[in-house]
Amino acid sequence: MTECENPIADWGYWLTTWPPEPTVLTRANAADGYPRALTPLTQDLIVRFEDAGVRRFFERTLKVMEPDDAPLSYMWAMWGFIYINADQLAALGDVLPGSSKQSIYQQYMGLSPDPSCTAHRMSLAARFERARRAVPAIRGMIKAAKSAESRFAGQIQDIKAMRPQTPDPGERECLAWIMRLESVTTAAWESLMIGPGIASATFEVCEKIVALSVGRERSVDLNNRLHAALGGNESAEAGKVVRTLAALALQNPALTEALEAEAGWSEIRGIDELFELELGKALERFGFHTSPELELAQPTWRQDPGQLLRMVSKEVRKGPAADRRGAALKREAELELERSTKWFIRSITRRALSLSRKQMAIRENSKIPIVLIFDELRRVIEAAGPSLVARDVVRDVSDVVYLRYDEVKSILGGSTGPTLDEVERRRSEHQRCIKLEVPELIEAGAGAISRVSQQSIAARGLLPPAEIATSNTNLTGVGASSGVFTGTARIMDDPFDDFEPGDILVAKTVDPGWSIALASAGAIVLDIGGGLSHGAVVARELGIPCVVNVKAGTAIIADGTTITVDGANGIVSLDQRLQVVSDRV
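No experiment lies behind these values; they were computed from the predicted model shown.

Strand order in this open sheet of eight strands is 7-14-13-9-10-11-12-8, and the pairing throughout is mixed. The outermost strands of the open sheet, each flanked by one partner alone, are strand 7 (474-476) and strand 8 (478-481). This sheet shows a mean twist of 30 degrees between the axes of neighbouring strands, independent of strand direction. For strand 9 (residues 484-492) and strand 10 (residues 504-507), the ladder comprises four bridges, and the chain directions are parallel.

Burial along strand 11 (residues 523-526) is two-sided: the face carrying A523 and V525 and the face carrying I524 and L526 are both buried. Where strand 10 lies against strand 11, four bridges are found, and the strand directions are parallel. Note on strand 11: the bridge partner recorded for A507 is L526. This β-α-β element, strand 11 to helix 20 (residues 534-542) to strand 12 (residues 546-548), shows right-handed connectivity.

This brings us to the state of the cysteines. Scanning all chains against the criterion turns up zero disulfides. Free cysteine C206: the closest other cysteine sulfur is in C546, separated by 19 Å. Overall, the relative accessible area of 1% leaves C206 in the buried class.

A few words on the nonpolar core. Ranked by size, the top nonpolar core spans 78 residues in total, and within it F58, V64, M109 and W189 carry the most contacts. Among residues more than four places away in sequence, those in contact with V64 are F58, L92, V95, L96, R133 and A137. Core analysis: the second largest hydrophobic core is formed by 46 residues, A249, A258, I516 and A536 among them.

Mapped onto the secondary structure, G522 falls in the loop between helix 19 (515-518) and strand 11. Judged by its relative accessible area of 6%, G522 falls in the buried class. Once residues lying within four places of it in the same chain are set aside, the contact partners of G522 are F485, G502, D503, I544 and P545.

As for its position among the elements, E171 is in helix 6 (residues 171-214). Once residues within four sequence positions are removed from consideration, E171 is found in contact with S387, L388, R391, I411 and L412. In terms of polar contacts, E171 uses its side chain to reach the side chain of S387, at 2.4 Å.

Before going further, it helps to examine the pattern of salt bridges. All chains considered together, the criterion is met by 38 salt bridges. The shortest N-O distance in the salt bridge between R55 and D51 comes to 2.8 Å. Taken together, the residues R55 and D51, both in helix 2 (residues 40-61) and four residues apart, mark about one turn of the helix. Since its relative accessible area comes to 10%, D51 is described here as buried. Between R427 and D399 there is a salt bridge, and its shortest N-O distance comes to 2.3 Å. In this pair, R427 is assigned in helix 17 (residues 420-434) and D399 in the loop between helix 15 (368-390) and helix 16 (405-412), connecting sequence segments 28 residues apart. Take R427: its relative accessible area is 25%, and that puts it in the partly exposed class. Assessed through its relative accessible area of 6%, D399 is described here as buried.

So, about helix 6. Between the first and last C-alpha of helix 6 there are 62 Å, a value that for 44 residues agrees with the 64 Å anticipated at 1.5 Å per step. For helix 6, the principal kink sits at T185 and spans about 40 degrees. G215 lies just past helix 6 and shows a positive phi near 95 degrees.

Attention shifts here to the environment of S398. Mapped onto the fold, S398 is located in the loop between helix 15 and helix 16. Between the C-alpha atoms of S398 and S453, which are 55 residues apart in sequence, the distance is 41 Å. Side chain to side chain, S398 and D396 meet in a polar contact 2.7 Å long.

A few words on unusual backbone geometry. Here S291 and P292 are connected by a cis peptide whose omega angle stands at -5 degrees. Tracing the chain through its elements places P292 in the loop between helix 11 (273-286) and helix 12 (306-318). The phi dihedral of N549 falls on the positive side, at around 60 degrees, and the residue is not glycine. Among the secondary structure elements, N549 is positioned in the loop between strand 12 and helix 21 (553-556). A relative accessible area of 15% means that N549 is categorised as buried.

On to the confidence of the model for the protein. Averaged over every residue, the pLDDT of the protein is 89; the share at 70 or more is 93%. Here strand 15 (residues 581-582) is the element of the protein with the lowest mean pLDDT, 42, and helix 16 is the one with the highest, 98. When the criterion is pLDDT under 50, residues 1-7 qualifies, and its contacts beyond four places in sequence or with other chains add up to five contacts. Between residues 577-585, whose pLDDT stays under 50, and residues either more than four places distant or in other chains, the model counts 34 contacts.

Applying the stated criterion to the full structure yields six aromatic pairs. Aromatic pair Y13 and W14: ring centres 6.3 Å apart, planes at 75 degrees, arrangement edge-to-face. Owing to a relative accessible area of 27%, W14 belongs among the partly exposed residues under this scheme. Plain terms: the ring middles of W343 and F344 are 5.7 Å apart, the flat faces sit at 90 degrees to each other, and that makes the pair edge-to-face. Ring pairs connect the aromatic residues F57, F58 and Y74, which therefore count as one cluster. Across from the ring centre of F499, 4.8 Å away, lies the NZ or CZ of K314, which sits over that ring. Between R425 and the ring centre of W14, over which it is positioned, the NZ or CZ distance is 5.6 Å.

Procedures and definitions
Residue indices follow the written sequence of each chain, beginning from 1 at its first position. The model is predicted, so local features are restricted to residues of pLDDT at least 70 and side-chain atom pairs to those at 80 or more, both for listing and for counting; the totals for chains, interfaces and linings are taken over all residues. Note: side-chain values were computed over all heavy atoms of the structure, leaving out hydrogens and water. Two strands qualify as a pair provided that DSSP identifies no fewer than 2 bridges between them. Secondary structure elements follow DSSP: runs of H or I of four or more residues count as helices, runs of E of two or more count as strands, with numbering from the N terminus. Each axis is a line fitted through C-alpha atoms, taken for helices only over the stretch in contact, and angles between the N-to-C directions span 0 to 180 degrees. Using a 1.4 Å probe on the protein chains alone, a residue whose accessible area is under 20% of its type maximum counts as buried, one over 50% counts as exposed, and one in between counts as partly exposed. Note on handedness: a crossover is taken as right-handed if, strands pointing away from the viewer, the path from the first strand over the helix to the second is clockwise. Note that a disulfide, as used here, is simply two cysteine sulfur atoms within 2.5 Å. In these notes, a set of buried Ala, Val, Leu, Ile, Met, Phe, Trp, Tyr and Cys residues joined through side-chain atoms within 4.5 Å is what counts as a nonpolar core. When checking whether two residues touch, look at their non-hydrogen atoms; a contact exists if any pair is within 4.5 Å. Any pair of nitrogen or oxygen atoms within 3.5 Å is treated as a polar contact; in protein, a donor-acceptor pairing is required on top of that, and neighbouring residues in sequence qualify only through side-chain atoms on both sides. The working definition used for a salt bridge is a side-chain nitrogen of Lys or Arg within 4 Å of a carboxyl oxygen of Asp or Glu. Given the number of residues in a helix, its expected span is that number minus one, multiplied by 1.5 Å. Across the chain, bend at a residue is computed as the angle between axes fitted to the seven residues ending at that point and the seven starting from it. How sure the predictor is of each residue is captured by pLDDT, a score from 0 to 100. Aromatic pairs are defined between Phe, Tyr and Trp rings, using the six-membered ring for Trp, whenever the two ring centres lie within 6.5 Å; interplanar angles under 30 degrees are classed as stacked, those over 60 as edge-to-face, and all others as tilted. Only lysine NZ and arginine CZ atoms are considered, and such an atom sits over a ring when it is within 6 Å of the ring centre and within 35 degrees of the ring normal.

In structure tokens:
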């Protein structure tokens, strides 16, 4: 074992639970939302309610499974890090239309399919049965897609209406507030599943149809360009607001000077009435965002406007924003597709593209209801926290997140909670969790974890991760947004780490809270992610070259060096020699 694995294997963290049988767990589709270990209160909410939302989506909306078909949890927390049950999800490959176990494994394990692995040839009767079972799923997808926008809007309106009317709600009112939010939380998690679930299917189908016209080699990049600059994407719009505010600030020398000096909101307020008005609108619309968005200990832009202002100050230092390439990329791609498509499939291609494009904004916007619920829970903590401190339940309002979810409800109902020393112990253990470096893929069993072996990977129809050789000066991944860009690499763990607009942002993964940083990037390189991950979708919308799933970019690329990102071909070229590094699996 490496040094970083020892504390994971040897430390019996009190919130870690274990599958009863060996199970492959992955962070490939979880790390963007949960990049680090979660506090106990946040962890409880994720594991309990996200799992319920996933089940509701598969069982009620798609009707592809029964409750007994998934005996284990879909969501697992290992030392506070959220993992997804890849083995259980892979079983859906046999019932989801146009899918397979291998493709599900590929999506959730972030590995390439083994071309020598061919699926078992099904009998005609088996194929008919599979097609029959797919009909309800297709109907469910179509119905969910049609109602998605109104569903999200209705949930957002309902969530905001749940706030107490009194300006200073007491503990009992806060408990009632939590219970109102709880009543819609599972449905909000299902909304999040609806967005990427349907977008993934339509995006993949569109790519396959495009391949009929231009061939497989060109289809991936062309499909990416066809999905650029579509509009309606709230994550991208949150990024664009930085440019809008910077443009306003550049018209006022006093405001520009204050922002360049990184003055706080209290110092800037009153300098420019129009800027203050537009900032207020931005916080009203996007203020519930932050990164990581679903960690209750992390303040939102609403709570700390300085997060947004710091990004605006970077744009101000850069000067007037240059035009982005997204719209031009889309126009060029449309002409290319039109020239290449034969008349007899042109109508099908146009319909597939139209349907897929509609899902891109839904894919990102589907997260808004659940992110908003978490910000409402922050409001609950703000309201009830001082009372809990006065009762000696916690020493500080910031300690509330170290309570368990059921403890919070019980305490607000009048009961006592854990001792102050116990809460402090939990804080210390959480800090220890944050320092751990966990593998992307693990096999968890009875009280222990191990890295997934090459044999296990091969048995699932995938190729094991390749080793990066010393002679290699390129990293390869998935081309997510077209374009070639050369610039300075900045290795980032947080969207507010030090960088300048136009730098190439290199991160393990990102969530929508990174949007205000991504909008200023010259290019984006991510260790983890696929063509529909948050970073990929935002990059396409803004016309920023992006390569995802490079695996070891943050470990290999030296901060401050010059690199070139080729978003069409999924290649990151480095100007320094690489050390031998195996993919973290």
